[in-house]
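Overview (structure and organization)
Now for the letters of each chain:
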Amino acid sequence: MAHVVILGAGTGGMPAAYEMRCILGKEHKVTIINANEYFQFVPSNPWAAVGWRKREDITLPIRPYVERKGIHFIAGTVNEIDAENSRLVMDSGDTVDYDYLVITTGPRLAFEEVEGSGPHGGYTHSVCSIDHAEMFYNKYEEFVKDPGRVIIGAMPFASCFGPAYEFACILDTDLRKRKIRDKVPMTFITSEPYIGHLGLGGVGDSRGMLESELRSRHIEWITNAKVTRVEEGRIFVDEMDENGELKKQHEVEFKHSMMLPAFKGVDAVANVDGLCNPRGFVIVDEYQRSPKYYNIYAAGVGIAIPPVEATPVPTGAPKTGYMIESMVTAIVHNIDAELEGAEPEKVGTWNAICLADFGDTGAAFVALPQIPPRNVNWFKKGKWVHVAKIGFEKYFLRKMKKGTSEPVYEKYILKALGIERLKD
């Protein structure tokens, strides 16, 4: 009997647990470990930050759903991964031995890299968790009574820019609904070299379309932005030129803000000798397996993918839901192969597919493969994306309650885009 432990119960970890339990023989044990008792649908956090969703709308308790499927659940934090001995040390002092470890923790939010940033003791907010979204909304309720400038964007080393664009437009839509948009100047500050880069070198005409979207919503922007520090009501930005030299310094006053932070690997993972790159992201081979520890696999935001291109201010490559789902499926089948005495052979499809909601419209992009040159380089905008993302939220949560082992992103999003299947 083998014990497979999945570390992290997010949009990668939960499907991994369900698929692992479905594929592996009943003699094998599957355990999922998560710091919280609940699953949260992270793509809905921008809606929660303006009050369009409540916590109970986009979270669900993990234990009853996974245990119903024969998956063991541990709520707690892993303090140490003893990779040499295949053992996890919990914050409680308990230990968990594993035969295979699947790391789907997502990132650590590195607010400390910019002085004065972050919702805990700093002056910026994020939408990277439901807790942070609720903190933004709590201040937002006071803000709308006495509005002023809002700053939205992404710090250096951020590696997921879509939510920043989503939130800027969602916030714009909400302010217009409240009929106070005219009282709220907005500035979009991003480490990307240009609007619509998205950490992908652009997709289709994403630059022109997103510039047009921001312009039509009266949102100013600063690109190649290296935020150096944040003080109460002020953000300090070094705008760099294409050679990485200082072009201009900005001091922008604001009353409310949402800045996506830099991402790093979570501490317990980053501290394992030889497992990660310098920023704590797990190094994997084509089979999603650690080259040093053959019984450790990883998927999602926490793995190391080189930037698509060098940029004047550091940006990371995003890992979108469809890509994560593909990685997870490869891992499940590779572990199953190993348990049957074979070698891993399944490879994840690193294609980028995204539905981005803009509050009353939206944008969808397809990059096949993610890193250019591409076979497909497609970007479209329309109200149908807004409707499709609302539908996907309900679909995904319903599937997590059901405990499906089916490919959720592939079934829904490809259908929404009118695509039957994807090939590299």
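This report concerns the structure included in the present document.

Calculation rules
- Residue numbers run consecutively from 1 along every chain, following the written order of its sequence.
- Where totals are concerned, whole chains, interfaces and linings use all residues; where local detail is concerned, this predicted model gives features only for residues with pLDDT of at least 70, and gives and counts side-chain atom pairs only at 80 or more.
- Excluding hydrogens and water, the side-chain values take into account all heavy atoms of the structure.
- Only protein atoms enter the 1 Å grid used here. Points where a 1.4 Å probe fits but cannot escape make up a cavity, open sets with protein on both sides within 12 Å along at least five of seven lines make up a pocket, and a residue lines them when an atom lies within 4 Å of a point.
- Grid points are joined across faces, edges and corners, and a volume is the space filled by probe spheres set on the points.
- Counting from the N terminus, the helices are the DSSP runs of H or I reaching at least four residues and the strands are the DSSP runs of E reaching at least two.
- Put simply, Ala, Val, Leu, Ile, Met, Phe, Trp, Tyr, Cys and Pro go in the nonpolar bin, Asp, Glu, Lys and Arg in the charged bin, and everything else, Gly too, in the polar bin.
- When DSSP locates at least two bridges between a pair of strands, those strands are taken to pair.
- Fitted lines through C-alpha atoms give the axes, limited to the stretch in contact for helices. The angle between two N-to-C directions lies from 0 to 180 degrees.
- Any angle between 65 and 115 degrees counts as roughly perpendicular, while under 35 counts as roughly parallel, over 145 as roughly antiparallel, and the rest as oblique.
- Here a crossing is called left-handed whenever its near helix is offset anticlockwise from the far helix by less than a right angle, and right-handed whenever the offset is clockwise.
- Contacts are assigned to residue pairs with any non-hydrogen atoms lying within 4.5 Å of each other.
- Exposed residues in this analysis have more than 50% of their type's maximum accessible area, buried residues have under 20%, and partly exposed residues fall in between, with area computed by a 1.4 Å probe over protein chains only.
- To define a nonpolar core, start from buried Ala, Val, Leu, Ile, Met, Phe, Trp, Tyr and Cys residues and group those joined through side-chain atoms within 4.5 Å.
- Salt bridge, as applied in this entry: a Lys or Arg side-chain nitrogen positioned within 4 Å of an Asp or Glu carboxyl oxygen.

Inspection of every chain in the model, using the stated rule, returns 2 cavities of 30 Å³ or more. Taken as a whole, the largest cavity spans an internal volume of roughly 60 Å³. As for the largest cavity, its lining consists of Thr11, Gly12, Pro15, Gly321, Ile324, Glu325, Val328, Phe396, Val408 and Tyr409. Where the lining of the largest cavity is concerned, the elements lending two or more residues are helix H9 (321–339) and helix H11 (408–416). For the lining of the largest cavity, the leading source of residues is H9, giving 4 residues. In terms of residue class, the lining of the largest cavity is built from 6 nonpolar, 3 polar and 1 charged. In this model, the second largest cavity occupies a volume close to 30 Å³. Together, Ala110, Phe111, Glu113, Val114, Ser117, Met155, Pro156, Pro261 and Ala262 line the second largest cavity.

This brings us to the sheet that holds strand S20 (residues 352–357). With respect to topology, 3 strands assemble into an open sheet ordered S20-S21-S22, the strand pairing being antiparallel. Of all the strands in the sheet, the pair left with one neighbour each is S20 and strand S22 (376–381). In this sheet, adjacent strand axes meet at a mean angle of 5° when their direction is disregarded.

This next bit is on the packing of helix H10 (residues 383–402) against H11. Axis separation between H10 and H11 bottoms out at 10 Å; the angle between their running directions is 160°. In terms of their interaxial angle, H10 and H11 are classed as roughly antiparallel. Judged by the sense of rotation from one axis to the other, the crossing of H10 with H11 is right-handed. In contact with Trp384, Ala388, Gly391, Phe392, Tyr395, Phe396, Lys399 and Met400 of H10, H11 contributes Val408, Tyr409, Lys411, Tyr412, Ile413 and Ala416. Considered class by class, the residues forming the contact of H10 with H11 number 11 nonpolar, 1 polar and 2 charged.

Attention shifts here to the pairing of strand S17 (residues 256–260). Counting buried residues in S17 gives 5 out of 5 residues, a clear majority hidden from the surface. Residues His256, Met258 and Leu260 point to one face of S17 and Ser257 and Met259 to the other, with burial holding for every one of them.

We now examine the nonpolar core. Residues Met14 and Ile81 are the most contacted members of the largest nonpolar core, which totals 128 residues. Val114, Ile151, Val227 and Val230 belong to the second largest nonpolar core, which has 13 residues in total.

Turning to unusual backbone geometry, a few remarks are in order. The backbone phi angle of His218 is positive, close to 60°, even though this residue is not glycine. Within the secondary structure, His218 is located in the loop between helix H7 (206–216) and strand S13 (219–222). Positive phi, close to 50°, is recorded for Asn224, a residue that is not glycine. Within the element layout of this structure, Asn224 appears in the loop between S13 and strand S14 (225–231).

Another point: the pattern of salt bridges. All chains considered together, the criterion is met by 32 salt bridges. The partner of Arg108 in a salt bridge is Asp267, and the shortest N-O contact between them spans 3.3 Å. Taken together, the positions of Arg108 in strand S10 (residues 108–109) and Asp267 in helix H8 (residues 267–270) put the pair 159 residues apart, joining distant regions of the chain. Using a relative accessible area of 23% as the deciding quantity, one classes Arg108 as partly exposed. According to the relative accessible area criterion, Asp267 is partly exposed, its value standing at 46%. Salt-bridge contacts for Lys145 lead to Glu142; the nearest nitrogen and oxygen are separated by 3.6 Å. Taking the relative accessible area as the measure of exposure, Lys145 reaches 64% and is therefore exposed. Salt bridges sharing partners connect three or more residues here, namely Asp172, Arg176, Arg181, Glu213, Arg217, Asp360 and Lys381.

Taken by themselves, the reported measurements are silent on function.
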